[in-house]
Amino acid sequence: MMSTLNRRKFLKGGLLGGAAATVLGTKKAEAAHSFGGYPESMGVLVDLTRCVGCRSCEAACNKEQGLPTPAQPFDDQSVLNQKRRTSEGAYTVVNRYEVPGQDHPLFRKIQCNHCNEPACLTSCFVNAYKKTPEGAVVYDASVCVGCRTCMVACPFYVPAYSYSSVLNPVVKKCIFCYDTRLKLGRPPACVEACPQEVLTFGRRQDLIKLGHERIRSNPDRYVDHIYGEKEVGGTAWMYLSSVGFENVGFDTELGNEPIINYVKEFLTIVPMVLTIWPALFGGFHLLATRKEAVKNEQQANKR
Ligand code: SF4
Ligand code: SF4
Ligand code: SF4
């Protein structure tokens, strides 16, 4: 896993090279310290000590979000032999970890963590992302120009790019079942589907209390830490574990600062980039979509 310093360098480099810098208006950077998340927002507490790697959550997400049927069915456990990342066809994946000293494997479900101060949101110069009061980080494909800055900025490597529609770029990720469930007060599909009660849906503040209670009552079962309570400014999805989080694929060197704070200094150095790149990328996108429209028109005229 990348060290904190390397990650910061990577973000700075990525932001410059990938036009991400464009992106971060000074106002956004200034606002980063002042926003503490929505106090009544919802979240999910993921208790890794209970997960058996059955992939029911993956199947439920796939169905709820209308994602394509995967090449390997959800009851095929052989996919657990590789470490997978979320993708345009899988907004959540479960990975298996063999941890020295443990007599059984551990499993970890991955999806967007719905950060309190999301790097994807603050890095997007066309404001394609929104943090809703309910706690979801949602994405508006209609304004996205496909620069993929959010993919570089996300500390958890979550947003996936839909390569099937290059001229109409779409970023794909877990949206906390916002449209179909969260905004109606219902738990996400993956939460409802879990047979082991690994996933607890509730007010983020209550989940933090619940997590600490579980740790206090079972000190031999859990390490004394809720991952996501404070990391990168706090996340809506948080985790309990029986082993150090670095053993189950978490980046334990991210720190508690929101990611945008790492690039504030950089942003003040390159105001020109901030001015130029949005126009350039907007122009490229318009050019691409215009070309496509002309091509479609020509093809229609030939018929
Ligand atoms: S995990 Fe990544 S994609 Fe999800 S809200 Fe945080 S920065 Fe955005
Ligand atoms: S919250 Fe909804 S979109 Fe996100 S992983 Fe669970 S089922 Fe999928
Ligand atoms: S449904 Fe529950 S037990 Fe099964 S893999 Fe997902 S989180 Fe783990």
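Residues numbered from 1 in each chain as written. Chains lettered and ligands numbered in written order. Predicted model: local features only at pLDDT ≥ 70, side-chain atom pairs only at ≥ 80, totals over all residues. Heavy atoms only, no water.

On a plain count of helices and strands, the chain comes out with 10 helices and 9 strands. Relative to its full complement of 303 residues, the chain shows a buried share of 48%. (Helix = DSSP H or I, 4+ residues; strand = E, 2+ residues; numbered from the N terminus. Buried < 20%, exposed > 50% of the residue type's maximum accessible area, 1.4 Å probe, protein only.)

The next thing to look at is the sheet that holds strand 1 (residues 42-47). One open sheet holds the 3 strands; their spatial order is 8-1-9, and the pairing between them is mixed. Where the open sheet ends on each side, the last strands, each with one partner, are strand 8 (199-203) and strand 9 (237-240). The average undirected angle you get between the axes of adjacent strands in this sheet is 25 degrees. With 4 bridges joining them, strand 1 and strand 9 adopt parallel strand pairing. Residue D47 lies in a different strand from strand 9, and its bridge partner there is L240. Those strands touched by helix 8 (residues 204-217) are strand 1, strand 8 and strand 9, and its axis lies near 130 degrees from that of strand 8. (Pairing = 2+ DSSP bridges. Axes fitted to C-alpha atoms, helices over the stretch in contact; angles between N-to-C directions. Contact = heavy atoms within 4.5 Å.)

Attention now goes to the side chain of D47. With respect to the element layout, D47 can be found in strand 1. The class of D47 is buried, set by a relative accessible area of 0%. Once residues lying within four places of it in the same chain are set aside, the contact partners of D47 are V198, R214, Y222 and L240.

Another point: the site of ligand 1. The environment of ligand 1 is made up of 13 residues, and the closest members are C112, C115, C120, C154 and F156. Residues of the shell around ligand 1, tallied by class, amount to 10 nonpolar, 2 polar and 1 charged. (Near = heavy atom within 4 Å. Nonpolar A, V, L, I, M, F, W, Y, C, P; charged D, E, K, R; others polar.)

Before going further, it helps to examine the site of ligand 2. In the vicinity of ligand 2, the contacting residues are C61, Q65, T92, K109, Q111, C174, I175, F176, C177, P188, C190 and W237. Residue composition of the shell around ligand 2, grouped by class: 8 nonpolar, 3 polar and 1 charged.

Relative to the helices and strands, N95 resides in strand 2 (residues 93-97). According to the relative accessible area criterion, N95 is buried, its value standing at 2%. Only 2.9 Å separates the side chain of N95 from the backbone oxygen of R84, close enough to count as a polar contact. Not counting residues up to four positions away in its chain, the partners in contact with N95 are L80, Q82, K83, R84, L106, F107, R108 and I110. (Polar contact = N/O pair within 3.5 Å; in protein donor to acceptor, adjacent residues only side chain to side chain.)

What follows is about helix 4 (residues 56-64). Every buried residue of helix 4 is accounted for by C57, E58, A60, C61 and N62. If you follow the buried residues of helix 4, they end up packed against strand 2, strand 3 (106-110) and helix 7 (189-193). Residue G66 follows helix 4 closely and has a positive phi angle near 65 degrees.

Phi at N127 is positive, roughly 55 degrees, even though this residue is not glycine. Mapped onto the elements, N127 comes out in the loop between helix 5 (119-122) and strand 4 (129-131).

Regular strands place their side chains on alternate faces of the sheet. In terms of burial, strand 2 is largely enclosed, as 4 of its 5 residues are buried. Examined bridge by bridge, strand 2 and strand 3 share 5 bridges and lie antiparallel to one another. Bridge assignment links R96 to a residue of strand 3, and that residue is F107.

So, on to the nonpolar core. Most often, soluble globular proteins keep nonpolar side chains buried together rather than apart. With 46 residues, the main nonpolar core has V44, V46, F156, F176, L199, W237 and Y239 as its most contacted residues. Put simply, the parts of the chain that give this core at least two residues each are strand 1, helix 4, strand 2, strand 3, helix 7, strand 8 and strand 9. Among all residues touching L199, those that are not within four sequence positions of it are V44, L45, V46, K109, C190, V191, C194 and W237. In terms of nonpolar packing, the next biggest core, distinct from the first, is built from 11 residues, L121, Y139, C144 and Y161 among them. (Core = buried A, V, L, I, M, F, W, Y, C linked by side-chain atoms within 4.5 Å.)

Remark: the centre distance and the inter-plane angle together describe each pair of aromatic rings, the angle taken between the planes. Under the definition given, this model contains 7 aromatic pairs. Between Y129 and Y139, the aromatic rings sit 5.4 Å apart at their centres with planes inclined by 50 degrees, giving tilted as the arrangement. Highlighted residues: Y129 in strand 4 and Y139 in strand 5 (residues 137-139), separated in sequence by 10 residues. Comparing Y129 with Y139 shows no difference in burial state: the two are buried. Each ring, one from Y227 and one from F250, has its centre 4.6 Å from the other, and the planes form 50 degrees; the classification is tilted. Here Y227, found in the loop between helix 8 and strand 9, pairs with F250, found in the loop between strand 9 and helix 9 (260-269); they are 23 residues apart in sequence, far enough to count as distant. This pair shows no difference in class: Y227 is buried, exactly as F250 is. (Phe/Tyr/Trp six-rings, centres within 6.5 Å; stacked < 30°, edge-to-face > 60°.)

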